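Observations on the model geometry
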Amino acid sequence: MNKFFLLSLVALLILATGCSRKSRYVYSKYDRSNVRTYSANKSHYNTGLSAKAYKHPTFNPYRIRGIKYYPHDTEVGTVYKGNASWYGPDFHGKLTSNGERYNMYDMTAAHKTLPMNTVVKVINRNNGLTAVVRINDRGPFISTRIIDLSNSAARKIKMVGAGVAPVSIEVLGFYSKNKKRIIRKKATKKPNKVIIPKKVKKTADGSYSLQIASFSNIDGAIKIQEKYDQTDGYATVIKDIQTENGRFFKVYLRGFNTAEEARSYKSYSEFENAFIVKD
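The paragraphs below set out a description of the structure included in this document. (Residues numbered from 1 in each chain as written. Predicted model: local features only at pLDDT ≥ 70, side-chain atom pairs only at ≥ 80, totals over all residues. Heavy atoms only, no water.)

**Remarks on the nonpolar core**
Definition in use: Take the buried Ala, Val, Leu, Ile, Met, Phe, Trp, Tyr and Cys residues and link them wherever side-chain atoms come within 4.5 Å; each set so joined is a nonpolar core. A simple rule labels every residue: compare its accessible area, found with a 1.4 Å probe on the protein chains alone, to the largest value its type can have, and call it buried under 20%, exposed over 50%, or partly exposed in between. Numbering of helices and strands starts at the N terminus; helices are DSSP runs of H or I of at least 4 residues and strands are runs of E of at least 2. Whether two residues touch is decided by their heavy atoms; if any such pair falls within 4.5 Å, the residues are in contact.
Formed by 27 residues in total, the largest nonpolar core has its most connected members in Val120, Val122, Val133, Ile147 and Leu149. At the level of secondary structure, the elements contributing two or more residues to this core comprise strand 3 (79-87), strand 5 (118-124), strand 6 (130-137), strand 7 (145-150), helix 3 (151-156) and strand 8 (165-174). Among the elements that make up this core, the one with the highest residue count is strand 8 (5 residues). Contacts of Ile147, omitting those with residues within four sequence positions, involve Asn83, Ala84, Ser85, Ala109, Ala110, Val120, Val122, Val133, Ile135, Pro140, Val167 and Ile169. Of all hydrophobic cores here, the second largest spans 20 residues; its members include Tyr62, Ala221, Ile224 and Val251.

The following block contains the structure:
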C-alpha cells in the first residue's frame, strides 16, 4: 500500500512539474495581442542593409536536406515571381530562424535567401489582393515555392483555402528598430572589414541567367524553351550562337538579379548542372 502511495505521489509531482514549465512563450490560438503589421510606404524603411546584417548568422550559406542555400542582398523595387504557401498553428509560438517567436497573427513570412527584416509586398496574382510582410524565417524548402506566409498574411490575400497561390513579391525596403536611416550606396570596405557585395544594376529581365540546355538543332531547343518558360517566374530564351565547333541553340532561364540568386536557385532546382551566365 505504501509503495502504491509513493508511486502515485511521484506521478503527481511529475505532472505538476510539467505544468509549471509552461513558458511565457506558449501562445493561445486566440492570442492576438501585439500583432505586428507593416506599411506599404517605402519611405518607412531603410533602402540598404547595415554592415551588421551582412555578418549576421542568418546571412551565411546553409544546408537543408542536402541542398545548400545562399542568402543574398537585394534592392528596393526588385520583383520576384513564384508560388506562395503559408504556415500557421503547428508552428505558432516556436522559434523562427532569426530567433523570434513565430506569431501566426503577425504579418511575417519565411524566405529561403532574402535578408532577414526585408519588407516585401506580396500580390496574389489570382485576385490582385496584397499583403505587406517582414521576412523573419527561412523556408519554404520546396523548390516550387518562394515564400511561406503567416496565417494572417495568407488570409489577407485569400489563399488559406487553396494552400498555394501564384504571387509577385516586391521589395519595399529593410525594417529596423533603430531610427538611423541606412541608404544604399556604392560598395565600400567598412572599418570592421565586412565587405558589402557589389551593387548589381537592376534591369527588367535581371542581370544573370542559367544556361539550362544546348542543341545543334532548333527543334530540341524550342521544346525545352516551351517546357520551362515561366518556371518559378523566370522566362526562357533561345540564343542562336555560332562557334568554331558549329552552330548551337542555347536555352537560358533569365531574370536573376544577382549571381547569388542564380546560384541559390540552381542549388535547389532541377537545374543543378546549369551554367551561370552574366547577361
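Now that the structure is up, let's keep going.
**Notes on the sheet that holds strand 10 (residues 235-243)**
Stated precisely, the cut-off is as follows: Here, strands pair whenever DSSP counts at least two bridges between them. Orientation is described by axes fitted as lines to C-alpha atoms, over the contacting stretch for helices, and by angles from 0 to 180 degrees between their N-to-C directions.
Reading across the sheet, the 4 strands line up as 10-11-9-12 and stay open at both edges, with antiparallel pairing between neighbours. This sheet does not close on itself; its edge strands, each paired only once, are strand 10 and strand 12 (275-278). Direction aside, neighbouring strands of the sheet carry axes that sit 40° apart on average. In this sheet, strand 12 lies alongside strand 9 (residues 208-215) in antiparallel orientation, the contact comprising 4 bridges. Looking at the pairing, Gln211 lines up with Phe275 of strand 12. Sheet strands in contact with helix 4 (residues 218-228) are strand 9, strand 10 and strand 11 (246-256), and its direction is about 160° off that of strand 10.

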